[in-house]
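Chains, contacts and geometry: an overview
What follows is the residue order along each chain.
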2 protein chains.
Amino acid sequence: MSFSYRYPRPALTVDCVVFGVHEGRLLVLLIRRGQAPFRGDWAIPGGFVDVQESIDDAARRELQEETGLTNVYLEQLYTFGAVNRDPRERVVSVAYYALVRRVEHQEVAASDAAQAEWFPVDELPSLAFDHEEILQTALARLRAKVRYQPIGFELLPTKFTLTQLQQLYETILGHEIDKRNFRKKILATRLLKPLEEFASGRHRSARLYRFDRSQYQKLVKQGVNFEI
Amino acid sequence: MSFSYRYPRPALTVDCVVFGVHEGRLLVLLIRRGQAPFRGDWAIPGGFVDVQESIDDAARRELQEETGLTNVYLEQLYTFGAVNRDPRERVVSVAYYALVRRVEHQEVAASDAAQAEWFPVDELPSLAFDHEEILQTALARLRAKVRYQPIGFELLPTKFTLTQLQQLYETILGHEIDKRNFRKKILATRLLKPLEEFASGRHRSARLYRFDRSQYQKLVKQGVNFEI
DNA sequence: ATGTGTTAGTGTATATATTACACTATGCCA
DNA sequence: TGGCATAGTGTAATATATACACTAACACAT
C-alpha cells in the first residue's frame, strides 16, 4: 500500500530530549542507532508522526516505545527544519524535552531491542543527525526555564529535602547557591508543603517537602511570578 | 505527477503572525480567505512547506507571496499539530511571528489577489482554523519576550524618540509606565545611541535615538540581561 | 557514654534595585 | 508674547538580593 500526493512532502518526526538527575549530575537518555545512517552512533529517541495522532501524542508514544518511559513531564521545544538534517530524505522534526524522576536502569529496560543509556550532559558522545544542536537547545531551555517556572520538581521524587532541591538547582544552573538565601526564596514561593516526615540519612535527618501543585495553579492564575 | 510514500504523511505548513504598531495600537496582519474551508473568514498568512526549502525559508516566502513583506524580524513560535486542525486533511503547522516597522497600506499591496488588512489585537474578527489559538500564543510570546529582549525596536522606525519607545512598550504590555523610570532603565542598558537629530513635531522637538545592534550583540556575548 | 564527623537548620546587616513622584525647558502657533 | 503641549530631569522611600557563620541533631566509632 502506498499514499500519493500532488507535491512531495517532508517527512515529519518527533524527537525527545529526556533529562534526568543522578548523584548531582544532569543526564540525558540516548539511544544507540542500530541502522544506517549513523549506525552505532547515539541519538535522541524519536520517530515518525502518524497521520492520525497529534504531535504531542506522537512524542509520548515514541518515548514509550523507545525507552519505556510514560507519565513524564513533556514540553514542546522547537521545530528543526533545515533541508539536509537527514541524509536520506527531507525530514522536519518537532523536538520535545522530557523530565523524569527516577534515573534507574530498570526503567529504560522496556525498550524494544534498542539500547538506551544515560549520559551526563557534560560528557556526551557524538550524536547522529543534528541531535547535538537539538540537545543544546533543550539544555538552554531547561536552564532558562528553571529560573522562572517550578519545573525542577519534575526531576525529583515527590518527597524531597530542601538540600536535594538546592543541589538540583545547582546542577541545572551550573553554579553554587547560598543555602540560607535559597531556602528563604524557595519557601517564600509557598509552593512547598512541609511534611511531618524526615529523610533518614547517615546524619541529622532532614524534613521532607512536596511540591504543592494545586497551590501552584492557583497562584499562576493570580499572575504570581516564581523567579528563583 | 504524484509522489507516493509507504505511510500517509501529514501535510506541513508554516503560518506567520505579523505584528505592527500604529497610533499606539498593536496590530496583526490578516488575509481574507478566498476559498473553502472558512471562505471569507480572516486567517494568518501561511502555506505549504516545499520539500527543498527550510521551514524558515518557507515562512519568509509565504510572507512575501501573501503580503509583500520582506526583511522582517521573524522568529519561530510553536508547532501546532492537533489532528483536526484542518477539516480537509491532516496538517501540521509550524507557526512564526514577525515584527514589521511600517504599518502602511502600500506595503501589503504587493499581495497577489489576496486581501490583506491590519486589525488591532483587541478587535479581531473571527479567524479560520485554529488561528485564534496561534495568534494568542504569539501575543503571549511577544508580551513575555519584550520584557527581557530588545525586540521592540523591530516595530519602530530606525530613528525614534524615547516617548515613541515608551508608548510602544505601553502598547505591548498593556499598562502605563512612569516616564522617568522608563528612561533611566532603557538608557542604562546602553543599547540606545543618541543622535544629533531631533524629531520635528507640533511642540518641543525630541531627541532621536537608534538601537545599537552591535553593542547589543557584544553585551549578549557577555551574558548581560536586558529586563525592562 | 562520650566524642567526632557530617549534614540540617536558622537571622541579620549591607548593598542594590525598584518605585513613586513634580517641576522646568523648549518650541510651535495663535 | 503668551499659552499650550510635549521633552526632559533627580531624589527619597521602599523592596529585594546578597553576603556571611554558627548551633542542632543524628550516626557511628571508641
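**Here's the deal with the environment of Phe38 of chain B**
Residues and elements named next belong to chain B. Following the sequence through the fold, Phe38 ends up in the loop between β3 (25-32) and β4 (42-43). Separated by 89 residues in sequence, Phe38 and Leu127 have C-alpha atoms that sit 8.3 Å apart. Phe38 has contacts with Arg33, Pro87, Ala128 and Phe129, leaving out every residue within four places of it along the chain.

**Here's the deal with the relation of the copies chain B and chain A**
Superposition of chain B onto chain A requires a rotation of 180° combined with a translation of 0.0 Å along the rotation axis, giving an RMSD of 0.0 Å. The relationship between the two copies is best expressed as a two-fold rotation axis. Of every C-alpha in chain B, the one belonging to Ser4 of chain B sits nearest the axis of rotation, 1.9 Å from it. Taken together, the interface assignments show that 100% of the residues at the interface of chain B recur at the interface of chain A, consistent with an identical surface on both copies.

**Observations concerning the domain arrangement of chain A**
All names here are of chain A. Here the domain parsing of chain A yields domain 1 (11-145) and domain 2 (153-221). Across the contact, twelve residues belong to domain 1 and eleven residues belong to domain 2. Interface area, domain 1 with domain 2, both sides summed: about 1,000 Å², of which 61% is carbon and sulfur. When residues of domain 1 are sorted by the area they lose upon contact with domain 2, Val21, Arg101 and Arg143 head the list and together hold 56% of the total. Here domain 1 and domain 2 share one salt bridge between them. Where domain 1 touches domain 2, the interface holds five residue pairs in polar contact (both at pLDDT 80 or more). If you list the elements that add at least two residues to the side of domain 1 that touches domain 2, you get β2 (11-22), β3 (25-32) and α2 (131-145). Considering every element that reaches the side of domain 1 that touches domain 2, the biggest residue donor is β2, with three residues.

**What to know about the pairing of strand β10 (residues 192-199) of chain B**
All names here are of chain B. Here five bridges tie β10 to strand β11 (residues 206-211), and the two strands are oriented antiparallel to one another. Paired with Lys193 across the two strands is Arg210, which belongs to β11. Taking the residues that link successive antiparallel strands as the turn, the β10-β11 hairpin has six residues.

**As for the protein's contact with DNA strand D**
The local shell around DNA strand D holds 17 residues, among which Arg202 and Arg204 of chain A together with Lys179, Lys184 and Arg207 of chain B are the closest. Each atom of DNA strand D within 4 Å of the protein belongs either to a base or to sugar and phosphate, the latter forming 41%. Here a sugar or linking oxygen of DNA strand D sits 2.6 Å away from a polar atom, N or O, in the main chain of Arg202 of chain A. One nitrogen or oxygen atom from the side chain of Thr163 of chain B is found 3.0 Å from a phosphate oxygen belonging to DNA strand D. For the surface near DNA strand D, the secondary-structure elements that each account for two or more residues are α4 (179-188) of chain A together with α4 (179-188) and β11 of chain B. Among the elements that line the surface near DNA strand D, the one with the most residues is α4 of chain B, at four residues. Among the residues making up the surface near DNA strand D, the classes are represented as one nonpolar, five polar and eleven charged.

Reading guide: rules and limits
- Residue numbering note: each chain is counted from 1, following its sequence as written.
- Chain labels run from A onward and ligand labels from 1 onward, assigned in the order the entries are written.
- Per-residue local features of the predicted model are confined to residues with pLDDT of at least 70, and side-chain atom pairs are confined, for both listing and counting, to 80 or more; whole-chain, interface and lining totals are unaffected and use all residues.
- The basis for the side-chain values is all heavy atoms of the structure; hydrogens and waters are excluded.
- By definition, any uninterrupted DSSP run of H or I lasting at least four residues is a helix, any uninterrupted run of E lasting at least two residues is a strand, and each is numbered from the N terminus.
- Any two residues having at least one pair of non-hydrogen atoms within 4.5 Å are treated as being in contact.
- When the copies are superposed, the least-squares fit draws on C-alpha atoms of residues that have pLDDT of at least 70 in both.
- Residue ranges for the domains originate in an automatic or database domain assignment.
- Each of two parts loses accessible area, computed with a 1.4 Å probe, when they are put together; buried area is these two losses added.
- In what follows, salt bridge is the name for a side-chain nitrogen of Lys or Arg lying within 4 Å of a carboxyl oxygen of Asp or Glu.
- For this analysis, a polar contact is any N or O atom pair within 3.5 Å, provided that within protein one partner can donate a hydrogen and the other can accept it, and provided that sequence-adjacent residues contribute only side-chain to side-chain pairs.
- When DSSP finds two or more bridges between a pair of strands, those strands are recorded as paired.
- By convention in these notes, a residue is near a molecule or strand provided one of its non-hydrogen atoms lies within 4 Å of it.
- Classes in brief: Ala, Val, Leu, Ile, Met, Phe, Trp, Tyr, Cys and Pro nonpolar; Asp, Glu, Lys and Arg charged; the others, Gly included, polar.

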